[in-house]
Every structure is written in structure tokens, then in C-alpha cells.
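Descriptive analysis of the structure
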Amino acid sequence: MDQTAPATIDTRPLLDWYDRNARKLPWRVGPGDRKLGVVPDPYHVWLSEIMLQQTTVAAVGPYFHAFLRRWPELADLAAAKTDDVMAAWAGLGYYSRARNLKKCAEVLAAEHGGKFPETEAGLLSLPGIGPYTAAAISAIAFDRPATVVDGNVERVVARLFAIDTPLPDAKPELKRLAATLTPSTRPGDFAQGMMDLGATICTPTRPACALCPFLGSCKAQSEDQPDRFPVKGAKTPKPTRKGAAFVCRRKDGAILLTRRPPKGLLGGMAEVPTTAWTADFDPDGALDAAPFSANWRQATGPVRHVFTHFRLELDVYAAEIGKAPAPDGHWWEPAATLDEAALPTVMRKVIAHAFEDALKPKR
DNA sequence: GACACGTGGAG
DNA sequence: TCTCCAAGTGT
């Protein structure tokens, strides 16, 4: 690897650009506000950074507001019930984030006097906080000179230096180059500026190089092929798994639910009873896995859902029954509170499909 | 280091 | 319909 090339890129234009173009985000203290003495709330910075992991700004907004409305302070979240946190997170995905969020709040309350550490090392030791988030909180909340590297920064740096190494192998080199750019003054604004730049100008496709503060010092742009970087490794195709799900509605409208194991896919979330999800699912034997015998009717067509590493097709069976005890490990979720249950999106799709097909009121 | 881990929007 | 992706972390 070429270690000799010094970073000669002037980063002052990036801060100037950020002063003029910073995105207005609910959890952000803008460059103008900071100059008036307003400092970010570390709790808000932390909550937003966890939610933003692999998740779009648009998706995070409503969840961020809902969490702060319900748990205004870190101590409130530390004292919350884990299932309430899981339910409030439902729909946002990557549910281990919610479990670690709650765990992190408890650790801070119990062992750190309810305050966040200001250093990367201190933050890195906490649940759910990895290298990116530790650097982001240290830089954004405490304005410490940490090198913040997310997907945006990787893209910007890969283009600035025209790095040919494919991701993820290029990550160490990109981090090293990013560190050479990080200024000692306003490191938090620099980090946010780099991420804003990646989100709005240095975009994955069709970057708006004419508007870029690095125009003139970007190697990829000078070679007239900015969107060739970063180079990506080959991606593997997604296999398909199949199974069946059972939506059982009691006469009063309650739905039979159970809890998934705390770890793994959709860990700790609620679900309707299902078969295992496998590549060799046998549809003819599906009813053997039903929670009890009933007049099960199959809805038309499966529910399709795409996870990170596989596609899922679930046949949906529905039944209506009178009073019946919930089997071990199951419970009847009242119709009135179904919306607030810790049901992941795939399960909401299953229940909605049953309601609009097999459980439709008969004419 | 490789893989598991969700979801919804854009092109 | 399909691919890519969005402020990554844990194991």
C-alpha cells in the first residue's frame, strides 16, 4: 500500500460549505446555533446515531420524536420496560439495536452516573456502540477530534483519493485517509459536514460535483469518473425460505401471539405462531404446526418479505375460535392494543393479509 | 474475517 | 420486478 502520499487536501472549504448548507435535522445543533452557545444533548445525539445505523433519515424522524416524547431523559429510558422499548422500535428494523439501547441506558445509569463518557474508548465499551457511533458521539456531542467514518465518509474519501481497493477491504485505508483530513478545530461540524456532503452532493450515483467544496482537489472528479468509486466487492444472491403463519382471532377480536427468542432474527419481538422458515418447506404438512386444531382457512397467495440475507414467503392460515386458553408461551393480544404490540413489519403484513382475505367478514 | 441482522424508498 | 442502498454492530 502506498503510505507515502501526503494528504494535501484543504478541508476548510468543507466547513465553510457546512456553515452554509447544513441539513436541518431534529437531533442536530446547527453551526449557527452552536456559535450562539447552544450545545447538543448527548442523549439526543446517542439516540439519533443508534437509530440512524443503516437507516434513512426519513425513517428515523418519527421514531426519534416518539422516543423523546415517551422517554424525555436518559433516566426515563433506563427505567423503561424492555418490551415497551421493543414495541416502540417495531418497524425500524435491526432489533438488537433496541435491546442494546435499553441495556446501554441501564449501564449509564448504574455505572456512569447517568452521563455519557466523552472519549471514544469510553463510549466504545458500551452496548450497541461500535467504532462509528463512538467517534460520532465524541465528535458531535462533545466536539472532540474523533475520526467519524460511515458509508458517506467512505464514499467521499474513496473519491477524493480515487481508491481502487474494493470494499470492505478498503475500510482500513479509507479510515486512515479520513483521519488525515480531520481538523482539530470543529471536528464535530467537520464530521457532520462530511456526512451531509455524502448524502446530498457526493451521492452514490450522479454526484453533483459542480457544487462540491472539494471540486479541484478530488482525484476521481479530476479523472472525470467520480461514480466509479468506491469499488464494491461482489454480492451474494439471496436464497428464498418458506413457511406458514397462523393468525388466530378470538371472537372478541384478540389475536394469538408468542415471543421470539431474545437473540437472532427479530430477536425478542412478538409474532403469530409459525412453522420454521426453511428452503425445503412442505406446504402440505403446514397444519401440523398450528397452535391447535381449528377450521384453518388458507389466505390467497403468500406474504412476501425481504430480509437482509434471504427472501421469505409465508403461507397464511387463519381461523376464528370462541373462548380458548392460550397455549404455553402464547397470549391473546386484545384488538385494541394490537397496534402497540412489539410486532415487526413482516408480522404486521401477515396479520393484515389474513384480515383482508381469510378473516374478511362473510357476505 | 465472514456472516447475521430489517425496512422502505429510489431508480 | 429487481437491485441498491441508509449516519454499523455483534459474534
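Please refer to the structure placed before this passage.
As a starting point, this report considers the structure included with it. (Residues numbered from 1 in each chain as written. Chains lettered and ligands numbered in written order. Predicted model: local features only at pLDDT ≥ 70, side-chain atom pairs only at ≥ 80, totals over all residues. Heavy atoms only, no water.)

1. A closer look at unusual backbone geometry
Basically, it comes down to this: Going along the chain from the N terminus, every DSSP run of H or I of four or more residues is numbered as a helix, and every run of E of two or more is numbered as a strand. Buried, partly exposed and exposed residues are distinguished by accessible area as a fraction of the type maximum, computed with a 1.4 Å probe on protein chains only: under 20%, between the cut-offs, and over 50%, respectively.
Cis geometry is found at the peptide bond from Leu167 to Pro168, where omega equals 5 degrees. Counting through the fold element by element, Pro168 comes out in the loop between α10 (151–160) and α11 (171–181). Phi at Gln54 is positive, roughly 55 degrees, even though this residue is not glycine. By the secondary structure assignment, Gln54 is in the loop between α3 (42–52) and α4 (57–70). One non-glycine residue, Leu266, adopts positive backbone phi at about 55 degrees. Mapping Leu266 onto the fold places it in the loop between β2 (255–259) and β3 (270–271). Look at Leu266 and you get buried, because its relative accessible area is 9%.

2. A word on the side chain of Glu154
Applied cut-off: In this analysis, two residues are considered to be in contact whenever any of their non-hydrogen atoms come within 4.5 Å of each other.
On the secondary structure map, Glu154 appears in helix α10. According to the relative accessible area criterion, Glu154 is buried, its value standing at 9%. Among residues more than four places away in sequence, those in contact with Glu154 are Val149, Leu167, Lys171 and Leu174.

3. Digging into the packing of aromatic side chains
Here is the rule we go by: Here the aromatic set is Phe, Tyr and Trp, taking the six-membered ring for Trp, and pairing holds for ring centres within 6.5 Å; pairs whose planes are under 30 degrees apart are stacked, those over 60 apart are edge-to-face, and all others are tilted.
Tallying each qualifying case throughout the model produces ten aromatic pairs. Note on Tyr43 and Trp46: the rings are 6.0 Å apart at their centroids and 35 degrees apart in plane angle, and the pair reads as tilted. Of the two residues, Tyr43 and Trp46 are both situated in helix α3; the distance of three residues between them amounts to about one turn of the helix. Accessibility assignment for this pair places Tyr43 and Trp46 in one class, buried.

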